[in-house]
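Here is how the chains run, residue by residue.
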Amino acid sequence: MLQDKNQINNAVRNVMSDPIAAIATALAPAALGIVRTSGKGSLEIVSGIFSRPEALLNAPSHSLVHGWILECGSGEPVDEVVAAVYRAPSGFTGEDAVEIICHGGPSVVTAVYSSLLKAGFRPAEGGEFSLRAFAGGKTDLTRAEAINEIISAKTSRARKKASARLAGSVAAAFAEIRAKILEAAAAVSVEIEYPEDEETVKGSFNPSLVESALESLRLLSSTWSSEKLYQSGAEIVLAGATNAGKSKLFNILLKEDRAIVSDIHGTTRDWIEAEADFSGIPVRLFDTAGLRETEDKIEAEGIARTRELLQRADIVFYTVDSSAGFTGEDAGFFRDGGGNNIPVFIVWNKTDKENSLPPEKFREQFSSFGLDEKKSGVAGVFPVSAKTGAGLEALVKAAAETLLAKTEGAASGAALGSLRQKETALTVESYLQAALDNAENGFPLDAVVQDLDDALFAIGEITGETVSADVLDTVFSKFCVGK
């Protein structure tokens, strides 16, 4: 059931007013660790296990207090810390809160956290700090989702896009759309309520406002496909005959030695994978077993797994040893279906060798086997040297452009950050289109106003002005503990 935000906020506050604590940094050796607290009585509880209780209790909001955390009960020192104090309604959650910055050893951080729990805090649930921030009016749902995006971002480009949403780009875009719908609905509602005559009521509806809102909404909705790519990434499979240089190419794309490189045919028996950054797009690279006929059962199984990977790949880097050229073994890959309607990049490898054939030779050899580049999905030929790195920049750039070309285009302005936002935006679109259609077909303007009101309500779901408990659970359950 959808509810007004104030109802949700009151319900959240009633359930979640108790003081909570959580470890906010990874439990791994580090210079510093952070344990967060929030909720009614947080300052008082922390002061009970702090070496300078009065200094903490009298500290103004957004100030730091140096001291020691003491073991609850025994009073023995746990760690020398700095306590960051936030007083309601300031700070991230809008509640009284203390963030304890201690030394970063796992044992130390755990001991500080344990002492806080003994003193009266309860363990925070995943996303509970962010949920309290939402309930306290410190953030909206689009910004809250952006927080989790930033944490999960795999590339710098993905992080920058999430940061724009955290700064309010999506909320601002929906505010503009909402203002247009509200103006159109208000004009009709006034005339329906206080009509001068029937013609005045009919003329009160301004379809241009709704059409403008619909155009802006559709443009915003179209951004999700490219944003999803930056969030979820793509899969690129390195395929080719044995000894074509796939593993060396894999290593140089990763800038580390992950795959075993050898001149012995059949060295790679199974696929291995790793993450890479292709012009800001997170990519999972797969180095696979060389494709050939073999009686080795283990190698044959690796080849079978390679073919399974090829079924789900977004792009195939088919690697060819340019000193040997395109052979019958390579032709077999394409006769068997190749990339199966997946773009195939011919990586013309080992161009550093003296006997390397020019890339133009590929087309001649390819057609000599009765193959057609277009029908085979060949997206281009890229001369590279996995040994020196020559040509890799062009290969990576072309792959990124191909991946983006599959989407509706990268956004230049505000862009949606989640499937939830996309699906709800489509709902808003349907209401706006219904309003235009009903007005065009002569339906009573009461029906048009209802469509506009429904659109406004759905926009409220995106930002959190009108929201259900199920939506809140969907959004915040994805957060880690401590955020």
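Structure shown above.
Computed from a predicted model, the values in this text were never measured in an experiment. (Residues numbered from 1 in each chain as written. Predicted model: local features only at pLDDT ≥ 70, side-chain atom pairs only at ≥ 80, totals over all residues. Heavy atoms only, no water.)

(A) Up close: the sheet that holds strand S5 (residues 77-86). The strand order S4-S5-S6-S3-S2-S7 describes an open sheet built from six strands, whose pairing is mixed. The outermost strands of the open sheet, each flanked by one partner alone, are strand S4 (63-70) and strand S7 (122-123). Across five bridges, the pairing between S5 and strand S6 (residues 97-103) is antiparallel. Opposite Ala83, over in S6, you have Ile100 as the bridge partner. Running at roughly 150° to S6, helix H4 (residues 106-119) makes contact with strand S2 (20-23), strand S3 (32-38), S4, S5, S6 and S7 of the sheet. (Pairing = 2+ DSSP bridges. Helix = DSSP H or I, 4+ residues; strand = E, 2+ residues; numbered from the N terminus. Contact = heavy atoms within 4.5 Å. Axes fitted to C-alpha atoms, helices over the stretch in contact; angles between N-to-C directions.)

(B) Here's a closer look at the packing of helix H10 (residues 207-221) against helix H18 (residues 419-440). At a minimum axis distance of 10 Å, the contact between H10 and H18 shows a crossing angle of 155°. Viewed along their axes, H10 and H18 adopt a mutual orientation that is roughly antiparallel. The interaxial crossing formed by H10 with H18 has left-handed handedness. Along its contact with H10, which presents Pro207, Val210, Glu211, Ala213, Leu214, Leu217, Arg218 and Ser221, the element H18 presents Lys422, Ala425, Val428, Glu429, Leu432, Gln433 and Leu436. (Parallel < 35°, antiparallel > 145°, perpendicular 65-115°, else oblique. Left-handed = near helix turned anticlockwise from the far one by under 90°.)

(C) Examining the pattern of salt bridges more closely. All told, the structure shown has 19 salt bridges when counted by the stated rule. In this structure, the salt-bridge partner of Glu128 is Arg122, at a minimum N-O distance of 2.4 Å. Judged by relative accessible area, Arg122 falls into the partly exposed class, the value being 23%. Residue Lys161 pairs with Glu227 through a salt bridge whose shortest N-O separation is 2.8 Å. Of this pair, Lys161 sits in helix H7 (residues 156-166) while Glu227 sits in helix H11 (residues 224-232); the two residues are 66 residues apart in sequence, bridging distant segments of the chain. Neither residue differs from the other here; Lys161 and Glu227 are each classed as buried. (Salt bridge = Lys/Arg side-chain N within 4 Å of Asp/Glu carboxyl O. Buried < 20%, exposed > 50% of the residue type's maximum accessible area, 1.4 Å probe, protein only.)

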